[in-house]
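Residue-level structure breakdown
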Amino acid sequence: MAYFEWADDLIIDNGPIDEDHKHLVLLVNELHTATSEGQGHGVVGAILEQLIVYTKEHLLREERIMEQAQFPHLKQHKIGHQKFIDSLLDLQSKYETGSITVASQLSTLLRDWLSLHIRRSDRELLVFNEAQRKAKARGR
């Protein structure tokens with residue numbers, strides 16, 4: 001069983017956001033497996049680096065999609081994204097200085113953040129988009 005399982009309640013757009021989230025889940029699971037198996041510092045560090053780069057790219061894509069949709073909570077969403085990136089970079093810095101427990105802390109942070117962020121904050125975009133579609137359908 002994977003450390004973090006994809007579930008239907010994580011679906012936001014059946015498109016690029018979900019594909020990014022699925023890839024992040026895969027990377028979180030790879031990181032967790034590597035740390036659980038005691039793989040070398042370089043292996044874990046490489047997965048961590050890939051995860052941070054991909055997370056940054058995803059968050060920018062997600063923000064562009066929200067901007068195009070005229071999502072009203074974009075500003076708050078961006079603030080949350082930046083705080084998360086700052087947390088990741090802080091943990092990466094600690095990992096690079098030799099902290100042994102950071103990788104497992106990072107796995108937990110990523111799993112919990114992805115789970116809560118998608119199910120709460122990103123779900124707001126799903127609800128907003130559905131309301132927009134219904135409003136357009138009524139206007140026809």
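A brief report on the enclosed structure follows. On a predicted model such as this, the values are computed, not experimentally measured, just so you know.

Regarding its fold elements, the chain presents four helices and zero strands. Taken along the three principal axes of its C-alpha coordinates, the chain extends 60 × 30 × 20 Å. In the chain, which comprises 140 residues, the share counted as buried stands at 36%. Total accessible area computed for the chain in this model is approximately 8100 Å², and 53% of it derives from carbon and sulfur atoms. Positive and negative side-chain charges of the chain, numbering 17 and 21 respectively, have mean locations separated by a distance of 9 Å.

Using the criterion set out here, one finds five salt bridges in the structure. The salt bridge involving aspartate 20 is made with arginine 61; its shortest N-O contact spans 2.8 Å. Of this pair, aspartate 20 sits in helix α1 (residues 16-36) while arginine 61 sits in helix α2 (residues 41-68), placing them 41 residues apart in sequence. The exposure class assigned to arginine 61 is partly exposed, which follows from its relative accessible area of 27%.

Our focus in this paragraph is α1. With 21 residues, α1 should cover 30 Å at 1.5 Å per step; its first-to-last C-alpha distance of 30 Å lies within 8% of that length. Those residues of α1 lying buried are Ile17, Asp18, Asp20, His21, Leu24, Val25, Leu27, Val28, Asn29, Leu31 and Ala34. Packing partners of the buried residues in α1 comprise α2 and α4 (102-139).

Conventions we followed
- Residues numbered from 1 in each chain as written.
- Predicted model: local features only at pLDDT ≥ 70, side-chain atom pairs only at ≥ 80, totals over all residues.
- Heavy atoms only, no water.
- Helix = DSSP H or I, 4+ residues; strand = E, 2+ residues; numbered from the N terminus.
- Buried < 20%, exposed > 50% of the residue type's maximum accessible area, 1.4 Å probe, protein only.
- Areas by Shrake-Rupley, 256 points an atom, 1.4 Å probe, with all protein chains shown as cover.
- Lys, Arg positive; Asp, Glu negative; His and termini not counted.
- Charge placed at Lys NZ, Arg CZ, Asp CG, Glu CD.
- Salt bridge = Lys/Arg side-chain N within 4 Å of Asp/Glu carboxyl O.
- Expected span 1.5 Å × (residues − 1).
- Contact = heavy atoms within 4.5 Å.

These figures capture arrangement, not role.
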